[in-house]
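# Results of the structural survey
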Amino acid sequence: MQLHDVDQGIHKHKKRKRIGRGIGSGHGKTSGKGHKGHSSRQGFKYNALFEGGQMPLARRVPKRGFVNGAFRKDYAILNLSALEACYETGAVINEEILRTRGLVKGRHDDGVKILGEGELTKAFTVHANKFSESAVAKIVAAGGTAVVVQ
């Protein structure tokens, strides 16, 4: 093989396969679908994980451990440092106010959890679904209150 042979047969813009355009095209009549069977029918789609009848990989591989995904809690997590930066002393903070400010985004079915990362110097009244112990301690130490909402 010579260096100038490398690009032989490689086309930058490959022509698309035009199916159902007569017997002379090589893709006429059955349009590459063969005869009969579900894969020849209109509207048929292969499942992306289908392996031709072979036992699928997801079923061949052994399962290990405990999976609790269906019952996992989903909280929007927020640190005290974010509250310190965004709100003034004496503010009443709840999920609705956090969403309007853009601190909580997206869908979190179980509400908001406040964590104790960062220092707190302002007194807030914080309404949330869960608090870490350190967050409650820092809020109370700063002169605020932590209210658990259900």
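The residue numbers shown here count from 1 along each chain, following its written sequence. Local features are withheld for residues below a pLDDT of 70 in this predicted model, meaning they are given only at 70 or higher, and side-chain atom pairs are given and counted only at 80 or more; totals for whole chains, interfaces and linings count all residues. The side-chain figures draw on all heavy atoms in the structure; neither hydrogens nor water molecules are used.

### Considerations on unusual backbone geometry
Even without glycine at this site, K29 takes up a positive phi of about 50 degrees. Secondary structure counts use DSSP, requiring at least four H or I residues in a row for a helix and at least two E residues in a row for a strand, with both numbered from the N terminus. The residue K29 is located in the segment before α1 (57-60) in this model. Phi angles above zero are rare outside glycine, and S31 is one such case at about 55 degrees. Tracing the chain through its elements places S31 in the segment before α1. Exposure categories follow from relative accessible area, calculated using a 1.4 Å probe and restricted to protein chains: below 20% of the type maximum is buried, above 50% is exposed, and the middle band is partly exposed. For S31, a relative accessible area of 22% translates into the label partly exposed.

### Details of the nonpolar core
Buried together is how nonpolar side chains tend to be arranged in soluble globular proteins. For our purposes a nonpolar core is just a set of buried Ala, Val, Leu, Ile, Met, Phe, Trp, Tyr and Cys residues, chained together by side-chain atoms within 4.5 Å. Core analysis: the biggest nonpolar cluster contains 19 residues, and L83, L98, I114 and F124 have the highest contact counts within it. Among the secondary structure elements, those contributing two or more residues to this core are β1 (76-79), α2 (80-86), β3 (112-115), β4 (125-128) and α4 (133-141).

### Description of the sheet that holds β3
By definition, two strands form a pair when at least two bridges between them are found by DSSP. What the three strands build is an open sheet, ordered β1-β3-β5; its pairing is parallel. Both edges of this open sheet fall to β1 and β5 (130-131), since each of them pairs with a single strand only.

### With respect to the packing of aromatic side chains
Any pair of Phe, Tyr and Trp rings, taking the six-membered ring for Trp, is counted once the centres come within 6.5 Å. Such a pair is stacked with planes under 30 degrees apart, edge-to-face with planes over 60 apart, and tilted for the rest. Evaluated as defined, the whole model comprises two aromatic pairs. Taking the centre distance of 4.9 Å and the plane angle of 80 degrees together, the rings of F44 and Y46 count as edge-to-face. Residue classification places F44 among the partly exposed residues on the basis of a relative accessible area of 25%. Ring centres 5.6 Å apart and planes at 20 degrees place the aromatic pair Y46 and F50 in the stacked group. Y46 sits in the exposed class, given a relative accessible area of 54%. An aromatic cluster of three or more residues is present, and its members are F44, Y46 and F50. Charge-over-ring placement is defined geometrically: NZ (Lys) or CZ (Arg) within 6 Å of the ring centre, and within 35 degrees of the ring normal. Between R101 and the ring centre of Y87, over which it is positioned, the NZ or CZ distance is 5.1 Å.

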